[in-house]
Each structure stands twice: as structure tokens, then as C-alpha cells.
Amino acid sequence: MEDKKLVLFGGGKIGRSFIGQLFSRSGYEVVFVDINQDLINQLNLQGKYKVVIKSEAGDEILEVANVRGINIKDTEKVVSELAGASIAALSVGQQGLPSALPLIAKALIQRRNKFGEWPLDFIIAENMRNSDVYLAEELSCFLPSDYPLGKLVGLVETSIGKMVPIMSQQDMEEDPLQVFAEPYNSLIVAEKGFLNAVPEVLNLQPKDNIKAWVDRKLFIHNLGHATAAYLGFQKYPKAIYMYEVLADSEILDATRQTMLQSAEILMSLYPGEFTSIQLETHIDDLLYRFQNKALGDTIFRVGCDLYRKLSPEDRLVGPINAAINLNKPYNLIYTAMIAALSFRATDENGKFLASDEMFMKETVNGTQCIIENICKLNLKQIR
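This next bit is on the sheet that holds strand S7 (residues 120–124). On the basis of which strands lie adjacent, the open sheet formed by eight strands has the order S5-S2-S1-S6-S7-S8-S10-S11 and mixed pairing. Only two strands of the sheet have a single neighbouring strand rather than two, namely strand S5 (67–71) and strand S11 (204–207). Strand-to-strand twist of the sheet, defined as the mean angle between neighbouring strand axes without regard to direction, takes the value 25°. As paired strands, strand S6 (residues 87–90) and S7 are joined by three bridges and run parallel to one another. Within S7, the position partnered with Leu-90 by the bridge is Ile-124. This element, helix H5 (residues 131–140), spans S6, S7 and strand S8 (153–160) of the sheet and lies at about 145° to S8.

Have a look at this one:
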């Protein structure tokens, strides 16, 4: 077993700008597992890449070294690397998990055969609620019935708060490995998820009640970002960047008030975990970050993927459902949700996300149909 080696499934923006960057700068070798062969080739050729930190103080370039890559289709190599890793991470999105899970299961079996009862911790860098439970259930399908999953696999939930914008074609062609990101660099993790000692990694923030912190991200960060995008597009359909719509004091204030309403729901959901002052400070910090001109975050990126962002467990409907159960106000969040139904922002090429085109076709059936069939809200409960 190799000391200080991270095997990271997913060489995308969060994988490179955040997880890989933190572990590399903390002395780990980082082995990326990805489907993109061009990316793998470049990682192996260069052995390093750049993270460009975008802020109004100017660009800061971080060099991330001691990295290499393996194509996920090279199954034997992936299994061998993972079996001997000191820690692992997942940053592939829910759609990428089916490709990774069978390989992870094979590696876990090989690891046990080679090293005995030595646990492997997985940092789950995915925006999913209850991701530890989900992965435990999915992994068990590929493991022998007598495999002691709870003893040998640490499933570490995270709250991923780092914002990474869509890069232009020109920027990607200039350097295929570079990635842009905001200065925020704190990785919130579930302390109880680790079976080994919590690794000494730069900006790692272990939390006792990770469920509350995952929901803080969803109920405040994700909700606020989406609210600004949907209300902003509604008023300024030709705007491109988040900072443009948030320059309007009415949009800024409406977004803030919506975030504060959701913060009240969050505090009722997790009594004693947060104070109103803590959450208000967090909200104001987020609104400052949302207005980062240098980051160039687009309304399209923040608002697109409507099927997911309007699903029952996600950033708008999730807090509404919680508010209904807790008998708390949610009128401002509901207003943002309704604004999302008319969201039509496009990318730099004037194109919609493919799934959003399908969503738009469904809107011809009326608002009630979307609310009941996609948001899964009972209109009789709405007040």
C-alpha cells in the first residue's frame, strides 16, 4: 500500500480545481481516473496543471504537481491503483457513478486479499444529499454478501461550495489542463465518515453533523445562486453574467431575502447547529462571491439543468418541502421556483442544454403539470 496516494475518479473542474489541488498541495500523489483520453494523455505528459484563481485582485496561478491519469476503461490498472491507494475520492456526477462502482468493488476485493482488513476512505465530492447511504447501497450490489462494507469502506460526505465557471473554447484550447476557479477553497467533510485517521490536508474542515452542512449548501448557496439566475433572467433576458443581474439592487435584495427565508427553514430543520447571525454572515459572503466579475460565471451555467434543479430533493423544492413539513413560510422560494419555469438562457454558442429543450416542451402543458410531475409538489398543500 502506497503512502499518500489519492485515486480520484473524475478529472473535471471540481476534481482538478478543488480535490486534486488540495491533496496535491498537501503532499499526495494524485491519480485521476477519467474517460477523457486526451485529458489522461496531457496529465501523463505534463505531470502538472494550472488552477487559475479568478478574483478582482487579479489572477493567481496555482501549479498542481505530482499528478497522472488512467483511463477508466483500463480496468485492470484502475483496480490495481485503487487497491493500493491511501485514500480515494469521487467527483464524477451521479451519471458517472455506474461506470465507477463496479471497478471500485473489484478494487475493494483485491485490496482485502492483498492487505487484509485495511479500510479505504472515499471522499464523495458530489452534490448529493445522503450520498453515503446511496453509495453504500449501490456498492453492496457489486460486492460479496459477506463483504464487511461498514468496516472496510469509509464513505465521507462533503459539502462542495467552490464555484467553477464554464470556460470559453479559446481558454480550453490555450491550455487543455488549466481550470478557472474562485478563491474559496474550504472542503467541508464528514468527520464520522472516515474509518482511518482524518488526513492532514490543506483547508479540510471536518464537521460532526455533515447532514446539516450539506443542507446548508443546498438551502442557501445553491438556492441563492439559482434564485439570482432565475429572477435575473426574468428581468434581464439578454444578460450573460451573474454579476450583471446582481448589480440590480432589487434582484440582489430579492435573492438575499429568499436566502434568509430558507435559512429560517434550515435552522428549524437542524436546531442548535447554526445561529441566525452565522447564516446571515454566510449569505452576505455568498452574495459577494456571486458578484465576482473576474470569475465570469454565467446565468446559463447557474440556472440550466432544470429537471435536476427543480427535482423534489434539490435547491428550491427541497426547502419548500421542508417548510411545508415544518409549517414555515416559503413564499419567496416558491416565487423563485415559478421563475425557473420560464428560464431560457443559452450558452456562448446560443444553445440550450439538451435536457432543458425537453423541459421547455413540457411547459406547454402548463405550470400545474410541471409543479406536480417534475417538482412533485402537491398543489393542495401549497399555501
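It is worth spelling out the packing of helix H10 (residues 249–269) against helix H14 (residues 317–326) at this point. Between H10 and H14, whose axes approach to 10 Å, the crossing angle comes to 60°. The angle between H10 and H14 falls in the class oblique. The two elements H10 and H14 cross, and the hand of that crossing is left-handed. Residues Ser-262, Ile-265, Ser-268 and Leu-269 of H10 touch H14, and the partners they reach there are Pro-319, Ala-322, Ala-323 and Leu-326. For the contact of H10 with H14, the per-class residue count stands at six nonpolar, two polar and no charged.

Cut-off values and rules
- Residues numbered from 1 in each chain as written.
- Predicted model: local features only at pLDDT ≥ 70, side-chain atom pairs only at ≥ 80, totals over all residues.
- Heavy atoms only, no water.
- Pairing = 2+ DSSP bridges.
- Helix = DSSP H or I, 4+ residues; strand = E, 2+ residues; numbered from the N terminus.
- Axes fitted to C-alpha atoms, helices over the stretch in contact; angles between N-to-C directions.
- Contact = heavy atoms within 4.5 Å.
- Parallel < 35°, antiparallel > 145°, perpendicular 65-115°, else oblique.
- Left-handed = near helix turned anticlockwise from the far one by under 90°.
- Nonpolar A, V, L, I, M, F, W, Y, C, P; charged D, E, K, R; others polar.

Remember, this is a structural readout, not a statement about activity or role.
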